[in-house]
Amino acid sequence: MSRVQLALNVTELDSAIEFYTQMFKTEPHKVRAGYANFEVEDPPLKLVLIENQSASAPLNHLGVEVETPTQVHTETQRFGDLGLDMEIEDGVVCCHAEQDKVWVSDPSGTRWEVYSITDDLPEASYASRAANLIPLADVTAGAQSIEDCCADGGLCVG
């Protein structure tokens, strides 16, 4: 099953988790420092909350979660056939999961990702990817903010 992803910047994570738990009648799938996501069944939605008190807008980015990397690669081919500019990321650890993804932007600059989670608990893969990852300690020290992880295609460990 594919589902639309909505990634929101929130000013305070705990109160946002409480609100969306009540709104969608479901508990978060994953909660990490400054981050939470919900796998909502009805309506099919992947809701991502990214704590970012300095965000200029509530929308972080949009996406479509698909079941397999093959579906990501099919969409990548389709986007290429349409002549769209793309950013392709395979095997990246972002938003606390390993993913294959492709990014495109609409004419107004709104970023969309089509992605598949290849490992929802990628801790074992962190060591082998250490050269390409930004440690969470560096993220919290200001090297890169957690909200930039998915939005700017950065790689965060946490």
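Note that the structure is a prediction, hence the values are computed from the model and not measured. (Residues numbered from 1 in each chain as written. Predicted model: local features only at pLDDT ≥ 70, side-chain atom pairs only at ≥ 80, totals over all residues. Heavy atoms only, no water.)

### A few points about empty space enclosed by the protein
Enumeration over the complete set of coordinates arrives at one cavity of 30 Å³ or more. Approximately 100 Å³ is the volume attributed to the largest cavity. If you trace the largest cavity, you find 16 residues lining it, with Gln5, Tyr35, Cys95, Gln99 and Tyr115 closest to the centre. Elements represented by at least two residues in the lining of the largest cavity include exactly β1 (3-10), β3 (35-40), β4 (45-51), β7 (97-105) and β8 (111-119). Counted by class, the lining of the largest cavity contains eight nonpolar, four polar and four charged residues. (1 Å grid on protein atoms, 1.4 Å probe; cavity = no way out; pocket = protein on both sides within 12 Å on 5 of 7 lines; lining within 4 Å. Points joined across faces, edges and corners; volume = space filled by probe spheres on them. Helix = DSSP H or I, 4+ residues; strand = E, 2+ residues; numbered from the N terminus. Nonpolar A, V, L, I, M, F, W, Y, C, P; charged D, E, K, R; others polar.)

### Here's the deal with the pairing of β8
Where strand β5 (residues 59-65) and β8 come together, four bridges link them in parallel fashion. Bridge pairing in β8 places Leu62 opposite Trp112. Strand direction decides the pairing type here: β7 and β8, joined by eight bridges, are antiparallel. Looking at β8, one finds that Asp100 is bridged to Ser116. Two successive antiparallel strands, β7 and β8, enclose a turn made up of five residues, where Gly109 displays a positive phi of approximately 95°. (Pairing = 2+ DSSP bridges.)

### Digging into helix α1 (residues 13-24)
The first and last C-alpha atoms of α1 sit 16 Å apart over twelve residues, in line with the 16 Å expected at 1.5 Å per residue. For α1, the capping residue at the N-terminal end is Glu12, with a side-chain oxygen 3.3 Å from the backbone nitrogen of Asp14. Immediately downstream of α1, the backbone of Lys25 shows phi near 55°, a positive value. (Expected span 1.5 Å × (residues − 1). Polar contact = N/O pair within 3.5 Å; in protein donor to acceptor, adjacent residues only side chain to side chain.)

### Section: the confidence of the model for the chain
Here the chain shows a mean pLDDT of 82. Residues at 70 or above account for 77%. For the stretch residues 125-148, pLDDT sits under 50, and the model shows 43 contacts to residues farther than four places along the chain or on other chains. In the predicted structure, residues 151-158 sits below a pLDDT of 50 and forms 33 contacts with residues beyond four places in sequence or in another chain. (pLDDT = per-residue confidence, 0-100. Contact = heavy atoms within 4.5 Å.)

### A short note on the pattern of salt bridges
The full count for this structure, using the stated rule, is eight salt bridges. The closest approach of N and O atoms between Lys30 and Asp120, which form a salt bridge, is 2.8 Å. Note that Lys30 is positioned in strand β2 (residues 30-32) and Asp120 in the loop between β8 and α3 (123-126), a separation of 90 residues in sequence. By relative accessible area, Asp120 is classed as partly exposed at 22%. A single network of salt bridges, built from pairs that share partners, joins Arg3, Glu39, Lys46 and Glu65. (Salt bridge = Lys/Arg side-chain N within 4 Å of Asp/Glu carboxyl O. Buried < 20%, exposed > 50% of the residue type's maximum accessible area, 1.4 Å probe, protein only.)

### Comments concerning the packing of aromatic side chains
Within the structure shown, the criterion is met by two aromatic pairs. Measuring from centroid to centroid gives 4.9 Å for Phe19 and Tyr20, while their planes differ by 90°, and the two rings are edge-to-face. Accessibility expressed as a relative area gives 45% for Phe19, which makes it partly exposed. On the basis of relative accessibility, which here comes to 17%, the residue Tyr20 falls in the buried class. Pairing Tyr20 with Phe24 gives two aromatic rings, centres 6.3 Å apart and planes at 15°, and the pair type is stacked. With Tyr20 and Phe24 both in helix α1, this residue pair falls four residues apart, about one helical turn. Lying over the aromatic face of Trp103, Arg111 brings its terminal NZ or CZ to 4.1 Å of the ring centre. (Phe/Tyr/Trp six-rings, centres within 6.5 Å; stacked < 30°, edge-to-face > 60°. Lys NZ or Arg CZ within 6 Å of the ring centre and 35° of its normal.)

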